[in-house]
Amino acid sequence: MAGESTRSIEITRSSLGRYVATNARGGRIELASGDGEAFSPVELLLVAIAGCTAADVDYITVKRSEPASFKVRMRGDKVRDTNGNRMENLTVTIDVTFPEGEAGDAAREVLPSAVQRSHDRLCTVSRTVELATPVSVETA
């Protein structure tokens, strides 16, 4: 079913193990099979989960205060066994600080629920992965 809910990308091979992904809006990103500086597909999976979570939390908390610092880290373990290759123990760590004062206090107060809402409902990427692979979320 095409339409507003459809998302698509195209990947073009540039050389052995190196590719360029292009989205429908013309954005491009290089990826590689793990060598060089380009992101690997597994790293892009981590970026997608962390980026989706970051955007959700940012849009919710910025209504109260601009952050003083905002970092999101993502990690997981690559497993290879009889079930094939996959990622396990996926963890998003959100490290956000807000300035002192009333607005910062309001943002700090809403932060835990913003993180939880992203994990439980809003983040399309982690929600999609969660159907098969649990993703734990924690605040720093």
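The written sequence of each chain sets the order in which its residues are numbered from 1. Local features in a predicted model are, by the rule used here, given only for residues with pLDDT of at least 70; side-chain atom pairs are given and counted only at 80 or more, and totals for whole chains, interfaces and linings are based on all residues. Excluding hydrogens and water, the side-chain values take into account all heavy atoms of the structure.

All right, on to the overall build of the chain then. Note on conventions: DSSP H or I runs of at least 4 residues are helices, E runs of at least 2 residues are strands, and numbering of each starts at the N terminus. On a plain count of helices and strands, the chain comes out with three helices and six strands. Secondary structure elements in the chain, listed N-terminal to C-terminal, are β-β-β-α-β-β-α-α-β. Seen through its C-alpha atoms, the chain measures out along the principal axes to roughly 55 × 40 × 35 Å. In the chain, which comprises 140 residues, the share counted as buried stands at 29%. Long-range pairs, those at least 24 residues apart, make up 45% of the contacts in the chain between residues at least 6 apart in sequence. Per-residue and other accessible areas follow the Shrake-Rupley method at a 1.4 Å probe size, with only the shown protein chains counted as cover for residues. Entry remark: accessible area of the chain is about 9,400 Å², with carbon and sulfur atoms responsible for 51%. For the chain, the separation between the mean place of its 17 positive charges and that of its 20 negative charges on side chains is 5 Å. Only protein chains enter the accessibility calculation, which uses a 1.4 Å probe; a residue whose area is less than 20% of its type maximum is buried, one above 50% is exposed, and one in between is partly exposed. Whether two residues touch is decided by their heavy atoms; if any such pair falls within 4.5 Å, the residues are in contact. His residues and chain termini do not enter the charge count, which takes Lys and Arg as positive and Asp and Glu as negative. Where a charge sits is defined by one atom per residue type, namely NZ (Lys), CZ (Arg), CG (Asp) or CD (Glu).

Further remarks concern the state of the cysteines. Where two cysteines share a covalent bond between their sulfur atoms, that bond is called a disulfide. When two cysteine sulfur atoms lie within 2.5 Å, the pair is treated as a disulfide. Enumeration according to the criterion identifies one disulfide in this entry. Two residues, Cys52 and Cys123, share a disulfide whose sulfurs are 2.5 Å apart. One end of the pair, Cys52, is in helix H1 (residues 41-61); the other, Cys123, is in the loop between helix H2 (102-122) and helix H3 (124-130), and 71 residues separate them in sequence. With respect to class, Cys52 is no different from Cys123; both count as buried.

With that out of the way, let us pick up the confidence of the model for the chain. Detail in the predicted coordinates should be disregarded across regions flagged by low pLDDT. Values of pLDDT, ranging from 0 to 100, describe the predictor's confidence in every residue of the model. Looking at the chain as a whole, its pLDDT mean stands at 91, while 94% of the residues score no less than 70. When mean pLDDT is compared element by element in the chain, H2 scores highest at 97, while strand E6 (residues 135-139) scores lowest at 68.

On to the nonpolar core. Take the buried Ala, Val, Leu, Ile, Met, Phe, Trp, Tyr and Cys residues and link them wherever side-chain atoms come within 4.5 Å; each set so joined is a nonpolar core. Of all hydrophobic cores here, the largest spans 15 residues; its most connected members are Ile49, Met74, Leu90, Ile94 and Leu111. For this core, the elements supplying multiple residues, two or more each, are H1, strand E5 (84-97) and H2. Looking at which element gives the most residues to this core, the answer is E5, with five residues.

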